[in-house]
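What follows is the residue order along each chain.
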Amino acid sequence: MRIIGVLAVVAVGCSSPSANGVEPDASPDSARDVDAAPDLAPTDVPALPCTNTAEQVYAATPQPNAALGAILACSVDDSIATADLPALVGDGIEVTSAVKQYRIAYQTRDHAGAPAVSTARVYLPSTARARPVPIVVAMHGSVGLADSCVPSMGIDHNLPLPFAARGFAVIAPDLAGMGNAGVQDYLDNHTQGRQTLDGVRALRALLPTGLTAEDVVLAGYSQGGGAVLSAHSLWRGDGAGLGTLAATVAYAPQWPISMKSFDYETILRNPSTLTISEGLSYSSVAVLRQFAFFENHFGAGRGKTSVPSQYSDGLQNAVDSQCLVPLGGYIQTSMLHTGDLIESTVHTSLLACMDGTAGCSGDGATYYQFLVDNVLAPDPNAGPVFIVAGLLDQIMPPAKEASCIENKLKTAGVPVADCMIATATHGNIMDQHKHGVAWAESVLAGGTRYSCDAIVTMPACTN
């Protein structure tokens with residue numbers, strides 16, 4: 001979220017390479033010179049020069065005329081040998097390929113549609129499962145908003161690597177505002193969905209023309225599960241030229257579908273309740289979503305004004321320095337009652353807006369309208385969805401989140417299947433990635449789709 005050094009990264013419309021070695025005009029639809037035809041070109045080597053340092057990737061700035069998905073910087077990361085992959089991908093994944101890693105910055109857009117940058121880690125298979133190569137966009141869970149929490153700066157293989165080890169080309173975006181200018185538009189369905197789709201464009205731009213398949217798989221965990229469901233809803237309206245959305249996999253999805261999502265209405269209507277009684281995550285979700293909205297829509301420095309003034313400086317320091325788990329601990333131990341999670345005039349206005357009474361005005365009314373507009377209508381024609389959830393999940397309890405999301409999708413006519421894991425929590429649900437990979441592969445193969453034979457069924461929605 002800090003503003004970091006300017007890097008001259010792409011000169012759209014010029015005929016010579018830019019200063020950092022990335023070819024100009026690197027849009028998803030532009031032709032790129034490669035050493036071999038697409039059916040012979042290596043699947044683990046970008047078509048564009050990849051000569052930047054990692055530091056230059058995170059310093060990349062948006063370019064006013066660059067296409068969405070244009071590669072702004074690229075650095076080479078560690079390769080993972082076939083022999084090392086089984087220990088990294090866990091049980092149930094038969095490794096078929098070594099994997100090369102890269103880190104990139106690419107052009108995307110913020111909530112207002114203005115040019116922005118997302119960084120990402122890219123996983124390219126040495127042996128593709130097919131040619132053209134099917135592609136996966138893997139979206140991470142909530143990490144906080146601090147610069148130190150950027151997913152691609154660390155190594156979080158549990159979602160993208162199993163797909164890459166099976167021969168898919170995979171991109172794992174960070175989302176704009178993570179480690180670069182601005183603040184991530186946390187739980188903004190439109191923005192996160194569009195930035196997910198721009199990840200598809202970036203992966204196609206990175207690889208030789210014709211090498212990537214028409215089929216696209218979207219996979220996400222927690223916040224990322226919500227991001228891919230948003231992208232699924234937006235696909236036909238915002239996905240022109242992206243190909244075919246073949247399959248969408250959401251693990252323990254965190255997708256705002258009403259004012260009741262994440263107990264937000266309960267929090268607002270019960271200000272004297274102890275914050276800790278709202279579970280392990282809902283207080284953090286409420287505060288981070290408000291903070292990001294105020295910061296992005298009302299101006300820099302306004303995020304902290306979304307909470308009572310006695311907590312504002314402490315929250316700002318915590319958001320700037322802490323990732324999700326310690327940040328959540330700070331919120332629960334500092335803001336002891338749910339009424340402490342939101343500034344009082346905003347709180348009063350929100351309730352008035354919800355109840356249709358006098359007093360729906362100011363910042364609260366603006367935020368309320370965002371929450372209403374943020375709910376996306378599922379698209380029954382955007383392809384099938386698979387939800388994997390854990391019965392023991394206390395972060396995103398399935399009866400309040402996954403089950404209600406599944407009902408919403410089914411009511412809209414989206415073909416949905418699920419896999420309910422009796423022993424899984426939010427923290428270990430990604431140990432079950434084999435189910436999402438197997439289901440996605442079965443969709444691509446056609447015929448009978450994979451079923452995980454879960455011993456429990458999805459609980460009824462209680463929201």
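So, here is what we can say about the structure in this document. (Residues numbered from 1 in each chain as written. Predicted model: local features only at pLDDT ≥ 70, side-chain atom pairs only at ≥ 80, totals over all residues. Heavy atoms only, no water.)

### Quick notes on the overall build of the protein
- When helices and strands are counted, the protein shows 13 helices and nine strands.
- Relative to the globule expectation of 23 Å for 463 residues, the C-alpha radius of gyration of the protein, 21 Å, shows essentially globular dimensions.
- Its C-alpha atoms give the protein principal-axis dimensions of about 65 × 55 × 35 Å.
- In the protein, buried positions account for 59% of the 463 residues.
- Of the contacts made within the protein by residues no fewer than 6 positions apart, 77% connect residues no fewer than 24 positions apart. (Helix = DSSP H or I, 4+ residues; strand = E, 2+ residues; numbered from the N terminus. Rg over C-alpha atoms; globule rule 2.2 N^0.38 Å. Buried < 20%, exposed > 50% of the residue type's maximum accessible area, 1.4 Å probe, protein only. Contact = heavy atoms within 4.5 Å.)

### Looking at the pattern of salt bridges
- For the structure shown, the criterion picks out 16 salt bridges.
- Note that Glu406 is salt-bridged to Lys410, the shortest N-O span being 3.2 Å. Linking Glu406 with Lys410, this pair stays in helix α12 (residues 402-411), spanning four residues, or about one helical turn.
- The class for Glu406 is buried, based on a relative accessible area of 4%.
- A relative accessible area of 45% means that Lys410 is categorised as partly exposed.
- Through salt bridges with shared partners, one network takes in Arg109, Asp198, Arg201 and Asp238. (Salt bridge = Lys/Arg side-chain N within 4 Å of Asp/Glu carboxyl O.)

### Notes on unusual backbone geometry
- The step from Arg131 to Pro132 runs through a cis peptide bond, and the omega angle for that step is 0 degrees.
- Here Pro132 lies in the loop between β3 (115-125) and β4 (133-139).
- Despite not being glycine, Ala252 shows a phi value in the positive range, around 40 degrees.
- By secondary structure assignment, the location of Ala252 is in the loop between β7 (244-251) and α6 (264-269).

### Remarks on the state of the cysteines
- Tallied over the full model, the rule gives five disulfides.
- Each disulfide pairs two cysteine sulfurs, and for Cys149 the partner residue is Cys323, the sulfurs being separated by 2.0 Å. Given an S-S torsion of about -110 degrees, the disulfide between Cys149 and Cys323 has left-handed geometry. Of the two residues, Cys149 is situated in the loop between β4 and α3 (160-165) and Cys323 in the loop between α8 (309-321) and α9 (324-334); the sequence distance between them amounts to 174 residues. (Disulfide = S-S within 2.5 Å.)

### Digging into the environment of Thr338
- Note that Thr338 resides in the loop between α9 and α10 (344-355).
- Judged by relative accessible area, Thr338 falls into the buried class, the value being 1%.
- Separated by 57 residues in sequence, Thr338 and Ile395 have C-alpha atoms that sit 17 Å apart.
- Discounting chain neighbours no more than four positions away, the residues touching Thr338 are Ile267, Asn270, Pro271, Ser272, Thr273, Leu274, Thr275 and Glu278.
- Looking at Thr338, its side chain comes within polar contact range of the main-chain oxygen of Asn270, at 2.4 Å.
- At 3.5 Å, the side chain of Thr338 forms a polar contact with the backbone oxygen of Pro271. (Polar contact = N/O pair within 3.5 Å; in protein donor to acceptor, adjacent residues only side chain to side chain.)

By themselves, these are just geometric observations and shouldn't be taken as functional.
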